[in-house]
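Breakdown of the fold
So you can see what is in the structure, the chains are spelled out below.
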Amino acid sequence: MHTPSTPVSDSNSPEHGHEHSKAAPEKIALNPDAKGDQQTTLRITGMDCADEVAALEQVLRPLKGVREVRVNLMGGKVTLAHDKSVTAAQLISAIATTGMKATPDGGNPEDLESAKRMRQIAVSLSGLSLGLGMLSEWLNFGPVWIADVAYGIAIIAGGWLTAPKAWRALQRRSLDMNVLMTVAVSGALVIQQWSEGAAVTFLFALSELLEAFTLARARKAVQALMQLTPETALLKDGETFREVPVAEVAVGATIAVKSGARIPLDGEVLKGNSAVNQAPITGESMPVEKKPGDGVFAGTINGSGSLEVRTTKASTDSTIAKIIHLVEEAQSQKAPSQRFVDVFARYYTPAVMVAAVLVMLLPPLLFGGAWFTWFYRGLVLLVIACPCALVISTPVSVVSGLTAMARRGVLIKGGAVLEAVGKLKALCMDKTGTLTEGKPRVTKVITVNSKDESMVIRIAAAIDTHSEHPLAQAIVAYANDKKVEFPRSENYQALDGRGAEADLYGHRYFVGNHRLAHELGVCSSEIEEQLAAIEADALSVVVVGHRPHGDCKGEVLGILAVGDAMRANAPAAIAALHRAGLTKIVMLSGDNQRTASAIAKQCGIDEAHGDLLPDQKIERVKALLAELKYVGMIGDGVNDAPAMAAASVGIAMGGAGTDTAIETADMALMQDDLSMVVEAIVLGRRTVGIIQFNIAFALALKAIFLVLALLGHASLWLAILADTGATLLVILNALRLLSGATHFK
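This text gives an overview of the structure that appears in the document. Throughout, a residue's number is its position along its own chain's written sequence, starting from 1. Totals for whole chains, interfaces and linings use all residues, but because this is a predicted model, local features are given only for residues with pLDDT of at least 70 and pairs of side-chain atoms are given and counted only at 80 or more. Hydrogens and water molecules were not included; the side-chain quantities draw on all heavy atoms of the structure.

Think of it in three bands: with a 1.4 Å probe and only protein chains considered, a residue is buried below 20% of the maximum accessible area for its type, exposed above 50%, and partly exposed in between. Runs of H or I in DSSP of at least four residues are treated as helices and runs of E of at least two as strands, each being numbered from the N terminus. Burial runs high along strand E26 (residues 631–635): five of the five residues are buried. Burial of E26 is two-sided: the residues Val631, Met633 and Gly635 facing one way and the residues Gly632 and Ile634 facing the other way are all buried. With four bridges connecting them, strand E17 (residues 426–429) and E26 associate as parallel partners. If you follow Met429 over to E26, its bridge partner there is Ile634. Strand pairing is defined by DSSP finding a minimum of two bridges between the two strands. As defined by bridge partners, E26 adjoins strand E27 (residues 649–652) across four bridges and the pair is classed as parallel. Its bridge partner lying in E27, Gly635 is registered against Ala652.

This part is about unusual backbone geometry. Notably, Asn491 is not glycine yet its phi reads approximately 55°, a positive angle. Secondary-structure assignment places Asn491 in strand E19 (residues 490–495). Even without glycine at this site, Lys629 takes up a positive phi of about 75°. Summarising the element assignment, Lys629 is placed in the loop between helix H20 (614–628) and E26.

Moving on to the packing of aromatic side chains. Only Phe, Tyr and Trp rings are paired, with Trp represented by its six-membered ring, and only when their centres lie within 6.5 Å; those with planes under 30 degrees apart are stacked, over 60 edge-to-face, the remainder tilted. Within this structure, the stated rule accounts for one aromatic pair. Centroid distance Phe693 to Phe697: 5.9 Å. Interplanar angle 10°. Geometry classified as stacked. Placement of both Phe693 and Phe697 in helix H23 (residues 675–711) is noted, with a separation of four residues, approximately one turn of the helix. With relative accessibility at 26%, the residue Phe697 sits in the partly exposed group. Our definition puts a charge over a ring when NZ of Lys or CZ of Arg is within 6 Å of the ring centre and also within 35 degrees of the ring normal. Over the ring of Trp374 we find Arg377; its NZ or CZ atom is 4.5 Å from the centre of that ring.

What follows concerns the sheet that holds strand E9 (residues 254–257). Reading across the sheet, the six strands line up as E8-E7-E9-E15-E10-E13 and stay open at both edges, with antiparallel pairing between neighbours. Each of the sheet's edge strands pairs with one partner strand only, and the pair in question is strand E8 (240–245) and strand E13 (295–296).

Moving on, we get to helix H6 (residues 177–190). Given 3.6 residues per turn, any residue in an α-helix points the same way as the ones three and four places further on. Spanning 14 residues, H6 covers 20 Å between terminal C-alpha atoms, matching the ideal 20 Å at 1.5 Å per step. Every buried residue of H6 is accounted for by Met177, Asn178, Val179, Leu180, Met181, Ala184, Val185, Gly187 and Ala188. Given a helix with a known number of residues, its expected span is that number minus one, times 1.5 Å.

An order of E16-E28-E27-E26-E17-E24-E25 is seen for the seven strands of this open sheet, with the pairing classed as mixed. Strands at the two margins of the open sheet, each flanked by one partner only, are strand E16 (410–412) and strand E25 (607–609). Mean inter-strand twist for the sheet, computed between neighbouring axes without regard to direction, equals 20°. In this description, a line fitted to the C-alpha atoms serves as the axis of each element, helices being fitted only across the stretch in contact, and the angle between N-to-C directions of two axes falls anywhere from 0 to 180 degrees.

Moving on to empty space enclosed by the protein. Here a cavity denotes grid points, spaced 1 Å and computed from the protein atoms alone, that fit a 1.4 Å probe unable to get out, and a pocket denotes an open set having protein on both sides within 12 Å along at least 5 of 7 lines; residues with an atom within 4 Å of a point are the lining. Grid points are joined across faces, edges and corners, and a volume is the space filled by probe spheres set on the points. Taken as a whole, this structure holds five cavities of 30 Å³ or more when the rule is applied. Empty space within the largest cavity amounts to approximately 110 Å³. Taken together, Arg119, Ala122, Val123, Ala157, Gly158, Trp160, Leu161, Thr162, Lys165, Asn178, Ala205 and Glu208 make up the full set of residues lining the largest cavity. Considering every element that reaches the lining of the largest cavity, the biggest residue donor is helix H3 (residues 110–138), with three residues. Each residue gets one label: Ala, Val, Leu, Ile, Met, Phe, Trp, Tyr, Cys and Pro are nonpolar, Asp, Glu, Lys and Arg are charged, and the others, such as Gly, are polar. Its residues placed into classes, the lining of the largest cavity shows six nonpolar, three polar and three charged.

Below, the structure is given as structure tokens:
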């Protein structure tokens, strides 16, 4: 949670990992010359559509100290970057001039509930009065003025929010939906169409209420994530435990987690054994057994055992906190279809208003048409100009999709990424940790020019102890298992995509792949045969040797064969990806070509490219982009970051517990399960389909009623009823993503 006026850092600085403009939150630049070193987040009451967003931009721009604003329509928040000359009170005061109410994020929610109740009462009164007026008119009950009074009450009750907003919009020289509705209702009253004016007022107010209600439902889906972690923890104090707020628990402290309780903080199990339900973080359907030394995540649910946990992160830095922050940030990033709709509505609304004025004036002036008839038809055009259904359909669809996948353990950073996922044509993937389990083991040691197997292991482990690469860790683990003692080498240097070298015992040694052995010129025909035999068995080779230098030609001392078991579900996941519509699945590996080809054949992958350096992976991704336009890249979020950045969508496997993966990728799978990519692609395709349908449906309906209005076959109340119905239908269609996202075929 942000607090008002907190210093902010530059999110584009190098320490934030590689930059993804496609996943960056949508920002509105206001005053580029302002310093913007302070940040204030405010919760906005009454911000339910794009018109309110435009109003916020207009009233905040005159504040010269405000650099930019990030509006989260779906979250009901705005985040402002400003300098010290602007206070939170000034921002709240400026926003109040739009008719909306701003409060510090995390403030009292009673104001929101009170405003919601008042709106519900007003809309109910408007509907009841409209019904009484129509009933009185149809039954000829009492004097005519009784129906008119009822209609008047309906107009006042339904328009008590709309009319002030319309007036403020006119003061800002803006034509929004509130202006259109107010002019249409005023025109109806001028021509004595009280019943139609009341119907338009009530139906528009009802539409706004339904829109706010469905937005609230989408917002609650995100807020449900925030309620996953308990507010207190049992902190160990000496030999006893006391309950304290989670914010007061320091990193490294010991907490107790009772059976059946939610784990309050990320940490490492010190005592106890239990099965933990990690579904809130990773989406895993089955509980995971935890023992001392295993990591646990805040928000997950402890099983039948009791645990003592040493905390490894503060409450604000936990994995679930990062997920919530990124999901909220993703909501404020507009999808391409939403940007199209916003631009369209910006020109469409004033264009139809001009058309309405022309319809009112030209036929009577030029062709002798009846003033009443054409004035009425012009009013109908004004109502048709309201783009509610068009504007709201895309953001609700996007947030429903993002939230549904977050529940499933797939973190997608924004609408643009979600749409890109839905359009993917090809998928590139690394081998180690993606198709394989990422837990390689040394299976064989072959000595070449060294008689001592332990010496080969010692040299390899002394160099690889500097590295976090899975193959390096496997070699160090093997040395420890064999009880081979090794020193820590000096002057270590990683060789991208080939291996590493370092100084040991006064000599320069290397560990590397087949490619490095070739580059150093230390391969012989005998060694080539041995390497080929190992690679034919789908094993990785690690060549250990003395590096050439000076008069020394260098030599290979030994070869380590390293095996990494293929994931059990990899072939099924690849087949499912093909069924989901991907035309090409490609493996890009730094491992040798024979091993890459063997794994690819077992999995059903279309193409396999081995012996690739990081820059060569980028070239392969770019070549596919030129051919198919939408290409995803799955990697570990660190070594494959450049290739992931080049792809349309960068996907990190196993994001849970890996901060780098969450930060660097466009999409992070919180568990090491390739089938989650299938679910994300299916959901992305559904989201794109729903967005396209909603836009087409809204535009088609507008076009139909435009024609009907000009021909005189559409009335005011029918036009607004159609718009209200369309708004409700597109929102309900979008919300299907929330309820149906867990049922993938």
